[in-house]
Amino acid sequence: MAKKFYSLLLYLFVQYCFLVSVVRGQALLPNQLPNLVLWLRADSVIKDGNNRVSSWVNTIGGADFDQSVINQQPLWVDNQWNGQPVIRFNGSNYLDGGDNYDVGYNSRTVFVVFQANNSQYSVLAKSLYGAADNRYAINNGGSGVQVYYRDNSDYLLSSMASPVGRNLWSNLINRNSQQISLYRNSISVGAPLSGLQGGGYNFNSGFRFIVGGFNNSDDSGVEPSLNLDGSGATL
């Protein structure tokens, strides 16, 4: 059963809700979770004969993540993790989901498993260069994986280290308790930060949601592995 659990976590999926509970050993698919809005997996791409990815398809519907510029397209690489493919970003490419997947008045939970190629990278972001409200990102500036969130004040949670290998990261923005939390392999990274704007505040960023980049234009190398069936990945 543990193998099925770890297999499930080899996805990037985003959920709008007030509470998420995942039970170790319980075999679930992301589309069995309530209020799921995004599920990306590496078998659900549009690619050319050179395995350059022009579109990463949201398997439950909704906006996809696209890149029309060939030299900014990531690569689909087969047989990387437990015989399954990955989408590889090299620091000069990213995928753009457009102005979609805002938190709005909701809470949000993001689960992602990835392996970094260097010590500075961005996994995903809805952000903009310079001072602006309603920004969000998961990245590593060199000191550790961090989640950055700004409604009209800054909130930053960091792992304070640059982990190697594959890790499950989960981030919960809870507009009900007005807290933000970060977990690595189901273990809390620091204490949750309090003081977020509550559910009456519309977190509508107005920025593009991108994977493999930061603030709509800058990106660094990261390799998210979003497998269909990881068959018990070692995290």
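Procedures and definitions
Residues numbered from 1 in each chain as written. Predicted model: local features only at pLDDT ≥ 70, side-chain atom pairs only at ≥ 80, totals over all residues. Heavy atoms only, no water. pLDDT = per-residue confidence, 0-100. Helix = DSSP H or I, 4+ residues; strand = E, 2+ residues; numbered from the N terminus. Contact = heavy atoms within 4.5 Å. Salt bridge = Lys/Arg side-chain N within 4 Å of Asp/Glu carboxyl O. Buried < 20%, exposed > 50% of the residue type's maximum accessible area, 1.4 Å probe, protein only. Pairing = 2+ DSSP bridges. Core = buried A, V, L, I, M, F, W, Y, C linked by side-chain atoms within 4.5 Å.

## A closer look at the confidence of the model for the protein
Segments scoring low in pLDDT should not have their predicted coordinates read at a detailed level. The share of residues in the protein with pLDDT of 70 or more is 79%, and the mean pLDDT across the chain is 77. Confidence, expressed as mean pLDDT per element, reaches its minimum in the protein at helix α1 (residues 2-8) with 25 and its maximum at strand β17 (residues 193-194) with 96. This stretch, residues 1-11, has a pLDDT under 50; its non-local contacts, to residues over four places away or in other chains, come to 43 contacts. Across residues 16-24, where pLDDT falls below 50, the model places 25 contacts with residues more than four positions away in sequence or in other chains.

## Some remarks on the pattern of salt bridges
Side chains that differ in charge, positive against negative, can pair when their charged atoms come close. Within the structure shown, the criterion is met by seven salt bridges. Among the charged side chains, a network of salt bridges with common partners joins Asp99, Asp102 and Lys126.

## With respect to unusual backbone geometry
With phi around 60°, Tyr101 is a residue other than glycine that occupies positive phi space. With respect to the element layout, Tyr101 can be found in the loop between β8 (95-96) and β9 (108-115). Phi at Ser186 takes a positive value of approximately 70°, unusual for a residue other than glycine. Take Ser186: it is sitting in the loop between β15 (179-184) and β16 (187-188).

## Details of the environment of Asn100
Summarising the element assignment, Asn100 is placed in the loop between β8 and β9. On the basis of relative accessibility, which here comes to 30%, the residue Asn100 falls in the partly exposed class. Residues Asn100 and Ile210, 110 residues apart in the sequence, show an inter-C-alpha distance of 9.7 Å. Those residues in contact with Asn100, other than ones at most four positions away along the chain, are Ala63, Lys126 and Phe209.

## So, the pairing of β15
One ladder, built from six bridges, connects strand β14 (residues 166-174) with β15; its direction is antiparallel. Bridged to Asn174 within β15 is Gln179. Taken together, the two bridges between β15 and β16 define a ladder with antiparallel strand orientation. Each bridged residue has a counterpart across the sheet, and for Tyr183 the counterpart in β16 is Ser188. Count of turn residues in the β15/β16 antiparallel hairpin: two residues, of which Asn185 carries a positive phi of about 50°.

## Topic: the nonpolar core
With 35 residues, the main nonpolar core has Trp56, Phe65, Ile87, Tyr136, Ile138, Tyr149 and Ile180 as its most contacted residues. Core analysis: the next-biggest nonpolar cluster, separate from the first, contains six residues, Val86, Phe111, Val113 and Leu168 among them.

## Re the environment of Gln178
Here Gln178 lies in the loop between β14 and β15. What makes Gln178 partly exposed here is its relative accessible area of 32%.

## Details of the side chain of Ser170
Position of Ser170 relative to the elements: it lies in strand β14. Taking relative accessible area as the criterion, Ser170 reaches 10% and is therefore assigned buried. Contacts of Ser170, omitting those with residues within four sequence positions, involve Val110, Phe111, Ser181, Leu182 and Tyr183.

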